[in-house]
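Notes for the structure review
Each chain, written out:
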Amino acid sequence: MGLKVFLNGEFIDEENATVSILDHGLLYGDGVFEGIRAYGKVVFRLKQHLDRLYESAEAIRLEIPMDKETFQGKIIETLKINDLKDAYIRVVVTRGVGDLGLDPRKCKKATVFIITDKIKLYPNEFYENGLPIVISKTRRNHPRTLNPKIKSLNYLNNILGKIDAIDAGVEEALMLSINGEVVECTGDNIFVIKNGELCTPPYEVGSLEGITQKAVIELAKKRGIKTLYKNMMPEDVCNADECFLTGTAAEIIPVVDIDGRKIGEGTPGKITKQLLADFRELAGADGVEY
Ligand code: PMP
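So, here is what we can say about the structure in this document. (Residues numbered from 1 in each chain as written. Predicted model: local features only at pLDDT ≥ 70, side-chain atom pairs only at ≥ 80, totals over all residues. Heavy atoms only, no water.)

Section: helix 8 (residues 270-283)
Quick note on the threshold: Secondary structure counts use DSSP, requiring at least four H or I residues in a row for a helix and at least two E residues in a row for a strand, with both numbered from the N terminus. For a helix, the expected span equals 1.5 Å multiplied by the residue count minus one. Each residue's exposure class comes from its accessible area (1.4 Å probe, protein chains only) as a fraction of the maximum for that residue type: buried when under 20%, exposed when over 50%, partly exposed otherwise. Each C-beta atom gives one direction from the helix axis, and the arc is the one those directions make.
The end-to-end C-alpha separation of helix 8 is 20 Å, in line with the 20 Å expected for 14 residues at 1.5 Å each. Buried within helix 8 are the following residues: Thr272, Leu275, Leu276, Asp278, Phe279, Leu282 and Ala283. The buried residues of helix 8 all sit within an arc of 170° when viewed along its axis, so they share a single face. Residues of helix 8 that are exposed and point over 90 degrees away from its buried face: Lys270, Lys273 and Glu281.

This is the structure:
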């Protein structure tokens, strides 16, 4: 049996789940989304993901046609219908069907869908050997244009960054701000470790407030490791002792090389490995059970 998805109030077969070509999510990237994970029937930090979804929607003045509690129920129901224990969950809310103009008032009802599927993990070798990355030529959106804090469907900035990575033969690219500061990768936040301290860029430079990032900061604190939100230039990454990326899909991925320059020893660092182990322990134990 194929997967069922939630679409506008109904559970239907994935192959029959379609949205209109006049949906502004498609025409203009006018909508918001979340990527969430379930670990052994526990949805990791679901409340935080829903909070971020509703905050993103509010930032683009999009009204989600159900409250958070109902939304949470629909996510859980989708997981149960598909009998998934470990899953990747994609939640999307678009402005809905309108006309060919930009005017969001023409969209009378938001489109809501939830897809749950088996999680496709990055190959294990990335966790064991670390990831090489490059610096993208594409600069991250400035917060005063389209704030990267909003997890919107308008991901073209990130996709252009990803194309830079693909062109260079690697999986991820580091995106800098207009002023050349380190911001984040195309789908992950970045941390560096220098002299035993974690550093991650402040959100004002234009990054998403990552839920994995926040979990890592808490885990580090428990181990007595401080985190600084610090403005960094690319040299700070090159000269770091360790570096890693965080994200829902990636969890914690060590970065060992940037633009062909080794970071630290050029192998995943000790603190990175410890935090990854801590994160995996936390992941199945911190969220909503179903
Ligand atoms: N930055 C960007 C641009 C992202 O798309 C994501 C999510 N994949 C992240 C950071 C990481 O956020 P989270 O840990 O909440 O998944």
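Notes on the layout of surface pockets
Convention followed: Definitions used throughout: a 1 Å grid over protein atoms alone; a cavity as a set of points that fits a 1.4 Å probe which cannot get out; a pocket as an open set with protein on both sides within 12 Å along at least five of seven lines; a lining residue as one with an atom within 4 Å of a point. Grid points are joined across faces, edges and corners, and a volume is the space filled by probe spheres set on the points. Side-chain classes follow a simple rule in which Ala, Val, Leu, Ile, Met, Phe, Trp, Tyr, Cys and Pro form the nonpolar group, Asp, Glu, Lys and Arg form the charged group, and the remainder, Gly included, forms the polar group. Where each domain begins and ends follows an automated or database-derived domain assignment.
In this structure, the largest pocket spans a volume of roughly 900 Å³. Around the largest pocket, the lining is made up of 38 residues, and of these Tyr88, Arg90, Lys151, Gly187 and Ala249 lie nearest the centre. The set of elements that each furnish at least two residues to the lining of the largest pocket consists of strand 3 (31-39), helix 2 (46-59), strand 5 (87-94), strand 6 (111-117), helix 5 (156-167), strand 9 (182-185), helix 6 (211-222) and strand 13 (242-247). Class assignment for the residues of the lining of the largest pocket results in 15 nonpolar, 12 polar and 11 charged. Looking at the lining of the largest pocket, you find at least three residues from each of domain 1 (4-117) and domain 2 (124-284).

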